[in-house]
Amino acid sequence: MLSESFVYHEIKKIQDLFCDQRNLVPDQTGLPELKSEVIQKVILPKFELLTLIADNYHINAIKGERVDTIRKLLSLSLDQGPRFYQIRNENIKNYLNHDPLLNKLKRSYFKIKEKKVKLPIRYGYHLGWSALIQRISVGVVFSVLVLTIFVSATFTDEYTFKMDALLLSSKLGAKKIATAKVIAIYVLSAIFYLSFWLVGILFILGFYGFEGWDLPVQVIRTTISFSHSLWQVTLLSLLSGFFVMLGMVTFTLYLSAKIKSTIPVILSSTLLVIFFNFFIKEEWSQGFSFLFSMLLIPYNFYDYYAYSLGSLVIPVYGAIILFYTTIICVFLLLSIHAFQKTKVA
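Computed from a prediction, not measured in an experiment: that's the story for all the values here. For every chain, the first residue of the written sequence is number 1, and numbering continues from 1 onward in sequence order. For this predicted model, a pLDDT threshold of at least 70 governs which residues receive local features, and a threshold of 80 or more governs which side-chain atom pairs are given and counted, while totals over whole chains, interfaces and linings are taken from all residues. For the side-chain quantities, the full set of heavy atoms in the structure was used; hydrogens and water were omitted.

Description of the overall build of the protein chain
In step 1: Working definition: helices are DSSP H or I runs of at least four residues, strands are E runs of at least two. Numbering for both runs from the N terminus. When helices and strands are counted, the protein chain shows 14 helices and four strands.
In step 2: A 1.4 Å probe rolled over the protein chains alone gives each residue an accessible area, and that area as a share of the maximum for its type sets the label: buried under 20%, exposed over 50%, partly exposed in between. Looking at the protein chain residue by residue over its 345 residues, the buried ones come to 48%.
In step 3: Throughout, a contact is declared for two residues whenever any of their heavy atoms are within 4.5 Å. For the protein chain, contacts bridging at least 24 residues in sequence account for 73% of all contacts bridging at least 6.
In step 4: Accessibility throughout is a Shrake-Rupley quantity obtained with a 1.4 Å probe, and a residue counts as covered only by protein chains that appear here. For the protein chain, the exposed area adds up to about 18,000 Å²; of that, 65% sits on carbon and sulfur atoms.

A word on the packing of aromatic side chains
In step 1: Centre distance within 6.5 Å is the pairing criterion for rings of Phe, Tyr and Trp, where only the six-membered ring of Trp is used; planes under 30 degrees apart are then read as stacked, over 60 as edge-to-face, and the remainder as tilted. Throughout the structure, instances matching the rule amount to 14 aromatic pairs.
In step 2: Aromatic side chains Phe 196 and Trp 197 sit 5.3 Å apart centroid to centroid with 85 degrees between the ring planes, which places their arrangement in the edge-to-face category.
In step 3: For the pair Phe 207 and Tyr 208, a centre-to-centre distance of 5.0 Å together with 85 degrees between the ring planes defines the contact as edge-to-face.
In step 4: On the basis of relative accessibility, which here comes to 63%, the residue Phe 207 falls in the exposed class.
In step 5: Taking relative accessible area as the criterion, Tyr 208 reaches 28% and is therefore assigned partly exposed.
In step 6: Every member of this aromatic cluster is reached through a ring pair, and the members are Phe 142, Phe 192, Tyr 193, Phe 196, Trp 197, Phe 242 and Phe 243.

Points about the pairing of strand 4 (residues 312–315)
In step 1: Paired strands, as defined in this entry, are two strands with at least two bridges between them according to DSSP. Both strand 3 (residues 306–309) and strand 4 contribute to a ladder of four bridges, which runs antiparallel. Bridging across to strand 4, Leu 309 finds its partner in Leu 312.

Focus: unusual backbone geometry
In step 1: Leu 119 connects to Pro 120 through a cis peptide bond whose omega is 0 degrees.
In step 2: Residue position: Pro 120 is located in the loop between helix 6 (104–115) and helix 7 (127–151).
In step 3: A positive phi is found at Arg 83, a non-glycine position, where the angle reads about 50 degrees.
In step 4: Counting through the fold element by element, Arg 83 comes out in the loop between helix 4 (69–75) and helix 5 (84–98).

Notes on helix 11 (residues 230–258)
In step 1: Look at helix 11: 42 Å from first C-alpha to last across 29 residues, which is about the 42 Å you get at 1.5 Å a residue.
In step 2: Counting buried residues in helix 11 gives 21 out of 29 residues, a clear majority hidden from the surface. A helix is expected to span 1.5 Å for every residue after the first.

As for the side chain of Ser 189
In step 1: Looking at the element boundaries, Ser 189 is found in helix 10 (residues 173–208).
In step 2: Assessed through its relative accessible area of 0%, Ser 189 is described here as buried.
In step 3: Those residues in contact with Ser 189 that sit more than four places away from it in its chain are Leu 147, Val 151, Met 245 and Val 249.

Points about a nonpolar patch on the surface
In step 1: There is a patch of nonpolar side chains on the surface, built from Phe 150, Ile 183, Val 187, Leu 188 and Ile 191 and spanning about 460 Å² of accessible area.
In step 2: It is helix 10 that provides the largest number of residues to the nonpolar patch, a total of four residues.
In step 3: Note on placement: Phe 150 falls in helix 7. To count toward a patch, a residue needs a relative accessible area above 30% and no salt bridge. Like charges then connect within 9 Å, nonpolar side chains (Val, Leu, Ile, Met, Phe, Trp, Tyr) within 5 Å. By salt bridge we mean one thing: a side-chain nitrogen of Lys or Arg within 4 Å of a carboxyl oxygen of Asp or Glu.

With respect to the pattern of salt bridges
In step 1: The tally for this structure, following the rule as stated, stands at six salt bridges.
In step 2: With its nearest N and O atoms 2.9 Å apart, the salt bridge here joins Lys 46 to Glu 10. Here the residue Lys 46 occupies a position in the loop between helix 2 (36–43) and helix 3 (47–56), and Glu 10 occupies one in helix 1 (residues 4–19), the gap between them amounting to 36 residues.
In step 3: Judged by its relative accessible area of 5%, Glu 10 is buried.
In step 4: Put simply, Glu 10, Lys 13 and Lys 46 are held in one network by salt bridges that share partners.

Structural notes on the packing of helix 1 against helix 3
In step 1: Taken N-terminus to C-terminus, the directions of helix 1 and helix 3 make an angle of 105 degrees; their axes are 11 Å apart at the nearest point. The orientation of helix 1 with respect to helix 3, classified from their angle, is roughly perpendicular. Of helix 3, the residues touching helix 1 (which contributes Phe 6, Val 7, Glu 10, Ile 11 and Ile 14) are Leu 49, Leu 50 and Ile 53.
In step 2: Amino acids outside the nonpolar list (Ala, Val, Leu, Ile, Met, Phe, Trp, Tyr, Cys, Pro) and the charged list (Asp, Glu, Lys, Arg) are all regarded as polar, and Gly is one of them. Tallied by class, residues from the contact of helix 1 with helix 3 come to seven nonpolar, no polar and one charged. Simply put, an axis is a line fit to the C-alpha atoms, just over the touching stretch for a helix, and the angle between two N-to-C directions goes from 0 to 180 degrees. For classification, angles of less than 35 degrees are called roughly parallel, those exceeding 145 degrees roughly antiparallel, those between 65 and 115 degrees roughly perpendicular, and all remaining angles oblique.

Purely geometric stuff here, so don't read any function into it on its own.
Structure (structure tokens):
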């Protein structure tokens, strides 16, 4: 448990190291720094823990910005105790009161969520799960790109090989075949997504270890206000990514039914994914445009982002699932209708 006394002793150990001249050597600027053997023996084995503690005292830690761990711990005054959870609560309060993306309703929502967080934080080894969570966004983008390329020829091949004339000439062929194609694509996409992440999860956790699955998400950053454990965050992230994937697949199916060439469909879907993942996220940093861009890309599902719909507040993962469910329903019907109504040359 990261109790106040535990935090105090961890900080005191680092400060005591610098009080012993035998542990120090001058750096390039002449300032004292720890010897490499001291760092390897004392600091590195628990560097993640020390960084978590140091980040808690940093005013921008709530945004995930890390500080120089050792320098930050050295500069802390322990005269009034570590005040670890007092500082944490002040950081959360200041962020909720001043963030422009949070209205009164969202602030109340996160304050309620904060009350459910169990303190003191239970800490332990979790490198496998934190590494997995950090890579989910990239993995979802990769799977979406692969699948959009794969499904782009679903209907365009029928136009290319002149099979649309045969399929559309039968009484029920157009609707049945279009529906069967869509169902097959959904099944194959789901199998690919699940297989991709099964291999990915086993590879990452097999390399780093399965320990820490039941630890609270606060071991990643202390200022998170959700009471989820690491395995729950992983599950929610993968579930949200699954709906992102199905939504983009459905949209690509619609393009495939409307455009009679495979290359423009591939380019349109690929550029859309790349644009929203590598440009919009950086450029749209405030307001509605930023919130809208978050629906189109996987993001940190445990962060202070939410959407209000009337008196209802929906967290990011819920909004993504709702948004892409709507996309799936709308473009699924449009895809089948577009193929049925195709004019045969």
